[in-house]
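A closer look at the structure
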Amino acid sequence: MAKKIRNPFKELEASLREVPPGMKKKVMNDIAAAKLIMDMASLFSFNVGSALRKLFKTPGNN
């Protein structure tokens, strides 16, 4: 006879509870702020290499 195997993931799923709405809203706002900061950083740092090359380019180099 096969021995029944205990599944720990089913136990984890059974212990899930609903998050309070205030906490959920705060977490979602924090995630949105972090995404905005990452997008802004990407916007300003995307072409840093080419901008520095153009800044330090001497007039004799073509």
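1. Some words on the overall build of the protein chain
Per the secondary structure count, the protein chain includes three helices and zero strands. The N-to-C order of helical and strand elements in the protein chain reads α-α-α. Classification of the 62 residues of the protein chain by burial places 0% in the buried group.

2. Looking at a nonpolar patch on the surface
A surface patch of nonpolar side chains, about 470 Å² in accessible area, is lined by V19, M23, V27, M28 and I31. Along the chain, M23 falls in helix 2 (residues 21-45).

3. Describing the pattern of salt bridges
Across all of its chains, the model carries three salt bridges by this definition. For R6, the salt bridge identified is with E11, shortest N-O distance 2.8 Å. On the basis of relative accessible area, E11 is assigned to the partly exposed category, the value being 43%. Close ionic contact of K26 with D30 constitutes a salt bridge, the shortest N to O distance being 3.1 Å. Linking K26 with D30, this pair stays in helix 2, spanning four residues, or about one helical turn. In this structure K26 comes out as exposed when scored by relative accessible area, which is 52%. You can call D30 partly exposed: its relative accessible area is 42%.

4. With respect to the confidence of the model for the protein chain
When pLDDT is averaged along the protein chain, the result is 83; 87% of the residues meet or exceed 70. At the low end of the mean pLDDT range in the protein chain sits helix 3 (residues 48-55), at 77; at the high end sits helix 2, at 91.

Cut-off values and rules
- Residues numbered from 1 in each chain as written.
- Predicted model: local features only at pLDDT ≥ 70, side-chain atom pairs only at ≥ 80, totals over all residues.
- Heavy atoms only, no water.
- Helix = DSSP H or I, 4+ residues; strand = E, 2+ residues; numbered from the N terminus.
- Buried < 20%, exposed > 50% of the residue type's maximum accessible area, 1.4 Å probe, protein only.
- Patch = residues over 30% accessible without salt bridge, like charges linked within 9 Å, V, L, I, M, F, W, Y side chains within 5 Å.
- Areas by Shrake-Rupley, 256 points an atom, 1.4 Å probe, with all protein chains shown as cover.
- Salt bridge = Lys/Arg side-chain N within 4 Å of Asp/Glu carboxyl O.
- pLDDT = per-residue confidence, 0-100.

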